[in-house]
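Tertiary structure, described
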Amino acid sequence: REFSGALSELWPHQLSTGFRQIALITKTLIKTCPIYLLDEPFANLDNLNSLRLKSILQKQSRQGACVVITAQSADIDQLKDLGQILNLEEKLRCI
């Protein structure tokens with residue numbers, strides 16, 4: 001998606017948290033990589049952009065990329081169709 005008008009003139013620190021998130025994810029996904037490590041990429045995104053990102057990540061995964069995402073437990077259900085889910089809360093113990 002192309003930014004136009006006044007939005008294209010803003011510096012990153014002037015963007016909302018959601019737009020900064022979109023800009024950083026876009027910067028990451030421009031290059032084709034064998035592995036994508038994404039720390040809560042859906043945080044601060046509206047529903048439409050979350051769906052768009054999910055679709056892009058599914059495409060990358062189908063093309064052979066390994067997509068690793070950290071997410072809050074509440075977000076796990078929407079990620080199940082992206083692939084295998086590893087719930088570390090069930091595996092880790094505090095010592």
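Provided above is the structure to which this section pertains.
Quick look at the structure, then. (Residues numbered from 1 in each chain as written. Predicted model: local features only at pLDDT ≥ 70, side-chain atom pairs only at ≥ 80, totals over all residues. Heavy atoms only, no water.)

**Considering the packing of helix H1 (residues 17-29) against helix H2 (residues 47-62)**
The N-to-C vectors of H1 and H2 enclose an angle of 15°; their axes lie 12 Å apart at closest approach. Put simply, H1 runs roughly parallel to H2. Classified by chirality, the crossing of H2 by H1 is left-handed. Judged by residue contacts, Ile22, Ile25 and Leu29 of H1 engage Asn49, Leu53, Ile56 and Leu57 from H2. Residues belonging to the contact of H1 with H2 are distributed by class as follows: 6 nonpolar, 1 polar and no charged. (Axes fitted to C-alpha atoms, helices over the stretch in contact; angles between N-to-C directions. Helix = DSSP H or I, 4+ residues; strand = E, 2+ residues; numbered from the N terminus. Parallel < 35°, antiparallel > 145°, perpendicular 65-115°, else oblique. Left-handed = near helix turned anticlockwise from the far one by under 90°. Contact = heavy atoms within 4.5 Å. Nonpolar A, V, L, I, M, F, W, Y, C, P; charged D, E, K, R; others polar.)

**Regarding the nonpolar core**
One recurring pattern in soluble globular proteins is that nonpolar side chains are buried together. Among the nonpolar cores identified, the biggest contains 12 residues, and these are Ile22, Ile25, Leu29, Tyr36, Leu38, Phe42, Leu45, Leu53, Leu57, Ala65, Leu79 and Leu82. Of all the elements in the fold, those that place two or more residues in this core are H1, strand E1 (35-39) and H2. Looking at this core, the element that brings in the most residues is H1, giving 3 residues. Excluding anything up to four places from it in sequence, Tyr36 contacts Thr28, Leu29, Lys31, Gln60, Ala65, Cys66, Val67 and Val68. (Core = buried A, V, L, I, M, F, W, Y, C linked by side-chain atoms within 4.5 Å. Buried < 20%, exposed > 50% of the residue type's maximum accessible area, 1.4 Å probe, protein only.)

**Considerations on H1**
A rise of 1.5 Å per residue sets the reference length of H1, with its 13 residues, at 18 Å; its end C-alpha atoms lie 18 Å apart and thus fit the reference within 8%. Residues of H1 that are buried: Gly18, Gln21, Ile22, Ile25 and Leu29. The buried side chains of H1 occupy one side of the element, clustering within an arc of 100° when seen end-on. Facing away from the buried side of H1, by more than 90 degrees, are the exposed residues Leu24 and Lys27. Along its buried surface, H1 packs onto E1 and H2. (Expected span 1.5 Å × (residues − 1). Arc of directions from axis to C-beta.)

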